[in-house]
Amino acid sequence: MARFLTTASTLVLGIAALKTALVVHFALPGADLSTTLILFAFFTAMTAAVGALAWRALRRLMDDQRRKRLAPGSASPVAKETVIARYAPDWGLSQAEADVAIFVAKGFSNNEIAEMRGCALATVKSQLTKIYQKSGLETRYQLMAFVTDEVVGMAREQEAATRVPVRNVLPLVGRARRTDSAPLAATR
């Protein structure tokens, strides 16, 4: 995150300096230092605002696309990873916490998770505590049950969305419809 902020700040300051230099050179050739500094501050603020708005819009677009991909009935397979990926943004889980939640939902122990992720056992326990706080669940078993219930629900929704009534596929051609006024023929 620090690298991102450093890069973004450098980029904003560089663009603001370029804008200031162009305006001072072409539009205000005889500008004094205070005017140049005011222009630089103005261009810095405007560039930062535009960058923040663009970042926010891009982030929102990416989140919407991810939610659509993970929506029930989409082409994605119904799996525990899908459930965690669907709920992680709502719960506010970090990527590392979402990874730990997936491993817990699959039934791995804390030691196994720590070994697979290459981190300390205390880190996994800390992340589990945060997962429980953010999700409102209290234990790993509740997390496992919740994920399993959601997988079953998503599978049912996906099946219902793809189910086509038999009458639409195979109409009963050639069979006479029985009406209430027509007497039933006695067969023997």
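For the structure itself, consult the block above.
Residues numbered from 1 in each chain as written. Predicted model: local features only at pLDDT ≥ 70, side-chain atom pairs only at ≥ 80, totals over all residues. Heavy atoms only, no water.

Chemist: Before we move on, could you go through the overall build of the chain and cite the residues and values that matter?
Modeler: In terms of helices and strands, the chain carries eight helices and zero strands. Tracing the chain from N to C terminus, the helices and strands come up as α-α-α-α-α-α-α-α. Relative to its full complement of 188 residues, the chain shows a buried share of 20%. Sequence separation of at least 24 residues holds for 56% of the intrachain contacts in the chain that already meet a minimum separation of 6. As presented, the chain carries roughly 13,700 Å² of accessible surface, and 62% of it is formed by carbon and sulfur atoms. (Helix = DSSP H or I, 4+ residues; strand = E, 2+ residues; numbered from the N terminus. Buried < 20%, exposed > 50% of the residue type's maximum accessible area, 1.4 Å probe, protein only. Contact = heavy atoms within 4.5 Å. Areas by Shrake-Rupley, 256 points an atom, 1.4 Å probe, with all protein chains shown as cover.)

Chemist: Before we move on, can you summarise the packing of helix 4 (residues 95–105) against helix 6 (residues 121–135) with the specific residues and values?
Modeler: Their axes nearest at 9 Å, the elements helix 4 and helix 6 cross at an angle of 90°. As judged from the angle between their axes, helix 4 and helix 6 are roughly perpendicular. The residues of helix 6 that touch helix 4, namely those facing Ala96, Glu97, Val100, Ala101 and Val104, are Val124, Gln127, Leu128, Lys130, Ile131 and Lys134. The class makeup of the residues in the contact of helix 4 with helix 6 is seven nonpolar, one polar and three charged. (Axes fitted to C-alpha atoms, helices over the stretch in contact; angles between N-to-C directions. Parallel < 35°, antiparallel > 145°, perpendicular 65-115°, else oblique. Nonpolar A, V, L, I, M, F, W, Y, C, P; charged D, E, K, R; others polar.)

Chemist: Give me the lowdown on the environment of Asp90, citing residues and values where you can.
Modeler: As for its position among the elements, Asp90 is in helix 3 (residues 80–91). The exposure class of Asp90 is exposed, given its relative accessible area of 53%. In sequence terms Asp90 and Lys134 are 44 residues apart; their C-alpha atoms lie 9.1 Å from each other.

Chemist: Give a description of the nonpolar core that names residues and reports values.
Modeler: By size, the foremost hydrophobic cluster in this structure holds 22 residues, and its most contacted members are Ile84, Val100, Leu128, Ile131, Leu143 and Val147. Secondary structure elements with two or more residues in this core: helix 3, helix 4, helix 5 (110–117), helix 6 and helix 7 (140–162). For this core, the element with the highest residue contribution is helix 4, accounting for six residues. With residues near it in sequence (within four places) discarded, Leu143 still touches Ile84, Trp91, Ala101, Val104, Ile131 and Leu137. (Core = buried A, V, L, I, M, F, W, Y, C linked by side-chain atoms within 4.5 Å.)

Chemist: Help me get a handle on the side chain of Asn110, residues and values and all.
Modeler: Inspection of the secondary structure assignment puts Asn110 in helix 5. Excluding anything up to four places from it in sequence, Asn110 contacts Leu121, Val124, Lys125, Leu128 and Arg140.

Chemist: If you had to explain the packing of helix 4 against helix 5 to someone new, which residues and values would you point to?
Modeler: To describe two helices that pack against each other, one gives the angle between their axes and the distance between the axes. Close contact between helix 4 and helix 5 brings their axes to 10 Å; oriented N to C, the two are set at 130°. When the axes of helix 4 and helix 5 are compared, the pair comes out oblique. Taken as a pair, helix 4 and helix 5 cross one another with a handedness that is right-handed. Residues Ala96, Asp99, Val100, Phe103 and Val104 of helix 4 lie in contact with helix 5, whose contacting residues are Ile113, Met116 and Arg117. Its residues assigned to classes, the contact of helix 4 with helix 5 shows six nonpolar, no polar and two charged. (Left-handed = near helix turned anticlockwise from the far one by under 90°.)

Chemist: Give me the pattern of salt bridges: which residues, what numbers.
Modeler: Applying the stated rule across the entire model yields two salt bridges. Notably, a salt bridge pairs Glu81 with Lys106, separated by 2.4 Å at the nearest N-O pair. You can see Glu81 sitting in helix 3 and its partner Lys106 sitting in the loop between helix 4 and helix 5, a full 25 residues away along the chain. With a relative accessible area of 31%, Glu81 lands in the partly exposed category. (Salt bridge = Lys/Arg side-chain N within 4 Å of Asp/Glu carboxyl O.)

Chemist: Could you give an account of the environment of Ile84, naming the residues involved and the relevant values?
Modeler: Relative to the assigned elements, Ile84 resides in helix 3. In this structure, the C-alpha to C-alpha distance between Ile84 and Ala101, residues 17 residues apart in sequence, is 7.0 Å. Residues within four places of Ile84 in sequence aside, it is in contact with Ala98, Ala101, Ile102, Leu143 and Val147.

None of this, on its own, says anything about what the molecule does.
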